[in-house]
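Structure assessment
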Amino acid sequence: MLSGISSRLAPSVDIRRIENARQFYDFACARWETTPPPPPYLRDVASCELAIATIRIKHKARPSQPLAAGHTMRFRRNRDAVFLPCTYDIRPIFEGRVTDAPERRDVMLAILIPPGNDQPAIFEVPASVYGLLVELDTWTDRAALGPMEGLGELISDLADHGLSR
């Protein structure tokens, strides 16, 4: 039953829990390539759980620094945030308001620890903003994006939520 999958797994070389979680996630994803998981949104939930665990580890190792005032000419995405495209809107599961199975729809999630908090949060991000954030891996001069209506407000809003720096 597990043939082909177990050969891809190697014994743990790291005893930390996050490494074990990654190994289990890899195992589950390999299995789901041939046998879809019941329930079908389980892959999205597992991806989100791993992202949350990874963010918590990063936050413990390196608490986020407050943004410097006036730092609006150049910006980039928050490199500690995880951007996760999902097939199901799984946020109700993590918010404790599940009544039925999650709605099946493409949803772009950002998972991070917002400024002033110590717990991860999950935000739905519009597809166009999601695409922009994923591309903003390096410091970008705001003026290089050209004149865009609402750009300043968008950048401020992203920074307020911890999605950009």
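First things first, this report covers the structure right here in the doc. (Residues numbered from 1 in each chain as written. Predicted model: local features only at pLDDT ≥ 70, side-chain atom pairs only at ≥ 80, totals over all residues. Heavy atoms only, no water.)

1. Some details on the packing of aromatic side chains
Inspection of the entire model under this criterion finds three aromatic pairs. Both rings, one in tyrosine 41 and one in tyrosine 88, keep their centres 6.0 Å apart while their planes meet at 65°; by these two values the pair is edge-to-face. Of this pair, tyrosine 41 sits in the loop between helix H1 (17–32) and helix H2 (42–61) while tyrosine 88 sits in strand E2 (residues 82–88), and the two are 47 residues apart along the sequence. A relative accessible area of 19% means that tyrosine 41 is categorised as buried. When the centroid spacing of 6.0 Å and the interplanar angle of 85° are considered together, the rings of phenylalanine 83 and tyrosine 130 count as edge-to-face. Of the two residues, phenylalanine 83 sits in strand E2 while tyrosine 130 sits in helix H4 (residues 127–135), which places them 47 residues apart along the sequence. (Phe/Tyr/Trp six-rings, centres within 6.5 Å; stacked < 30°, edge-to-face > 60°. Helix = DSSP H or I, 4+ residues; strand = E, 2+ residues; numbered from the N terminus. Buried < 20%, exposed > 50% of the residue type's maximum accessible area, 1.4 Å probe, protein only.)

2. Overview of the sheet that holds E2
In a beta sheet, neighbouring strands pair by backbone hydrogen bonds and run either parallel or antiparallel. The strand order across the open sheet built from three strands is E2-E3-E4, with neighbouring strands paired in antiparallel fashion. At either end of the open sheet lies a strand with only one pairing partner, and these are E2 and strand E4 (121–124). On average, each strand axis in the sheet is inclined to that of its neighbour by 35°, with strand direction left out of account. Bridge count between strand E3 (residues 104–112) and E4: four bridges; the pairing is antiparallel. When the bridges of E4 are listed, leucine 109 appears paired with glutamate 124. Those strands touched by H4 are E2 and E3, and its axis lies near 145° from that of E2. (Pairing = 2+ DSSP bridges. Axes fitted to C-alpha atoms, helices over the stretch in contact; angles between N-to-C directions. Contact = heavy atoms within 4.5 Å.)

3. Regarding the environment of arginine 56
By the secondary structure assignment, arginine 56 is in helix H2. You can call arginine 56 partly exposed: its relative accessible area is 38%. Sequence separation between arginine 56 and aspartate 118 is 62 residues, and the spatial gap between their C-alpha atoms is 8.6 Å. Here glutamine 119 takes part through its side chain, which lies 3.1 Å from a polar atom of the side chain of arginine 56. (Polar contact = N/O pair within 3.5 Å; in protein donor to acceptor, adjacent residues only side chain to side chain.)

4. Looking at the state of the cysteines
Taken as a whole, this structure holds zero disulfides when the rule is applied. Considering cysteine sulfurs only, cysteine 86 is the nearest to cysteine 48, which forms no disulfide, with 6.5 Å between them. Owing to a relative accessible area of 0%, cysteine 48 belongs among the buried residues under this scheme. (Disulfide = S-S within 2.5 Å.)

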